[in-house]
Structure formats: structure tokens, C-alpha cells
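Next come the chains, spelled out residue by residue.
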Amino acid sequence: MIRELANPTRFMSLSGTLLPWVGGLAALLVAAGLYMVWFVAPADYQQGETVKIMYLHVPAAWLSLFFYMVMASSALGTLVWRHPLADVSQKAAAPIGAAFTLICLVTGSLWGKPMWGTYWQWDARLTSMLVMLLIYLGILALWRAIEEPNRAARAVSILTLVGAVNVPIVKFSVDWWNTLHQPASVFRIDGPTIHTSMLVPLLIVAVGFTLTGVALHLAGMRTEILRRRVRTLTILEAERLDAQAA
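Per an unreviewed UniProt entry, the protein chain goes by Heme exporter protein C and derives from Microvirga arsenatis.

This is how it looks when you write it as C-alpha cells:
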């Protein structure tokens, strides 16, 4: 299947069929999840209504790491397997991952003010997530700095793989260092520590956000493929006109 999808025309056909379904399901799940957050999920006994910020913050944090791993996998596809759509996937994933990282940092700051008394602390988790955003922004800048797609893809792939060292730092920072940020409360060996009334809306929102990200990724890949086709046609037309002028 991966080899079949290496053909951009096949990918465009399949993604065009999937995109409306994925987008529609994402919209339904996000709407249902947010309804449960505001009208069903109870307030926390310590945090009060402030806990509702976490229903955006936590999925955004998960997806920040998820899309970076998509980029890292795509970087390997570019450098090792020479998959023709790997760099397209990587380029499309970068702004989505950066957006989720920014949402994570902003919502975390809004939650931190009433809970910690400050919008920001140079905490291990917060600092490593800020570094993640800077890596995303660096990758986006490098894509724009190099015009030729193949050269840009190789350079960005190397930077992406180097930056991947920050992913386990973000994930395990609360375990490796003494931090203000709470440890994992959902994906734990001994099971979630969140009550079901809060866990279910959180997971529904998380799945909805994930499908939203997937839909945006597919749309971004389609846009990039079309952009490259237009670029190729423009170059061929310019060469034809130059040949005629000569």
C-alpha cells in the first residue's frame, strides 16, 4: 500500500475520497466533545471551572508530539527510502504541529495563572515544549529559505531528526526532573487517574482533534502536490518560451 501511495496521482484520488469523511467525523467528534466539556463534565474539586482549559491543552500537547513523530518518520522516508511523498508529508505536518504546540503553550499559560500564580515558569516541561515550538518554527523557516524542493527536503529532514531528541525530553521531563507540571494522568501503567466523567469527554475531544489534524494533513499534502505540479509546468513553459526566443 505504501508503494501504491508513492504515486501522487493515486494519493490524490484516495485522499480526495477520504478527506470529506475524515473532516466530517472530526467536526462531529469535536462538537460532541466540547458539548460534554461545557455541559456534562463536572468542575474539579480543586481547580473549579479552570479545569476545562485542560480539555484543549492536553490533546494539543499530545498532537504536538504526534505530528513531530510524523515529521521524523517522513524525514526517514526522505533520507533512507527516498519515498516521493515523504517530504510532502513532512512539509504539510510542520505548520499543524506548530499550531498545536502554540495552543498547548497558550492554554497551559492561561491555566497556570490561577493555579500557579504565574503565566510562565522555566519548568522542565514548559521549557522543553517551548523548545519544541522553536524547532517547529526553525523547520518552517528552513522550508521557506531553500527554494529547490529536493534540497530543502534533505536539509529539513536532517534538522527534523536532530530535533527529535527533544520528543522524549518533553514526554519524560516530569519523570526525570522535579517539576511543577503534574505527571501523566491518562496513559499510565496502573491506569488513568482521572474520573470517567472527565476522561470520556477528554478522549472524545482528543480523537476529534486528531482527526482534524489528519484532515488538515491530507489537505496540506494535496495542496503541496498541486503547488509542485504548477511549479513544474511553469518551469517547462518558461523553458519553452526561452527556446522559442532563441
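Continuing now.
A. The arrangement of unusual backbone geometry in detail. A positive phi angle, near 55°, is found at R82, a position not held by glycine. Topologically, R82 is positioned in the loop between α3 (54-81) and α4 (86-116).

B. Representation of the environment of P168. Inspection of the secondary structure assignment puts P168 in helix α7 (residues 166-176). Here the alpha-carbon distance between P168 and L126, two residues 42 residues apart in the chain, equals 14 Å. Sequence-distant contacts of P168, that is, excluding residues within four places in its chain, are made with S173 and W176.

C. Inspection of the nonpolar core at higher detail. Counting residues in each nonpolar core, the largest one holds 42 residues, and the members touching the most others are Y68, M132 and I139. For this core, the secondary structure elements donating two or more residues are α2 (8-39), α3, α4, α5 (124-145), α6 (149-163), α7 and α8 (196-245). The element contributing the most residues to this core is α3, with 11 residues. Not counting residues within four places of it along the chain, the set of residues in contact with I139 comprises Y68, M71, A94, V156, L159 and T160. One finds A92, L218, M221 and I225 within the second-largest nonpolar core, a separate group that totals eight residues.

D. Region of the structure containing the pattern of salt bridges. Inspection of every chain in the model, using the stated rule, returns five salt bridges. Two residues, K52 and E49, come together in a salt bridge whose shortest N-O distance is 3.7 Å. Residue K52 is classed as buried on the basis of its relative accessible area of 8%. Residue classification places E49 among the exposed positions, given a relative accessible area of 52%. Residue E224 is joined to R228 by a salt bridge in which the shortest nitrogen-to-oxygen separation is 2.7 Å. Of the two residues, E224 and R228 both sit in helix α8, four residues apart, roughly one turn of that helix. The same class applies to E224 as to R228, namely buried.

Parameters at a glance
- Residues numbered from 1 in each chain as written.
- Predicted model: local features only at pLDDT ≥ 70, side-chain atom pairs only at ≥ 80, totals over all residues.
- Heavy atoms only, no water.
- Helix = DSSP H or I, 4+ residues; strand = E, 2+ residues; numbered from the N terminus.
- Contact = heavy atoms within 4.5 Å.
- Core = buried A, V, L, I, M, F, W, Y, C linked by side-chain atoms within 4.5 Å.
- Buried < 20%, exposed > 50% of the residue type's maximum accessible area, 1.4 Å probe, protein only.
- Salt bridge = Lys/Arg side-chain N within 4 Å of Asp/Glu carboxyl O.

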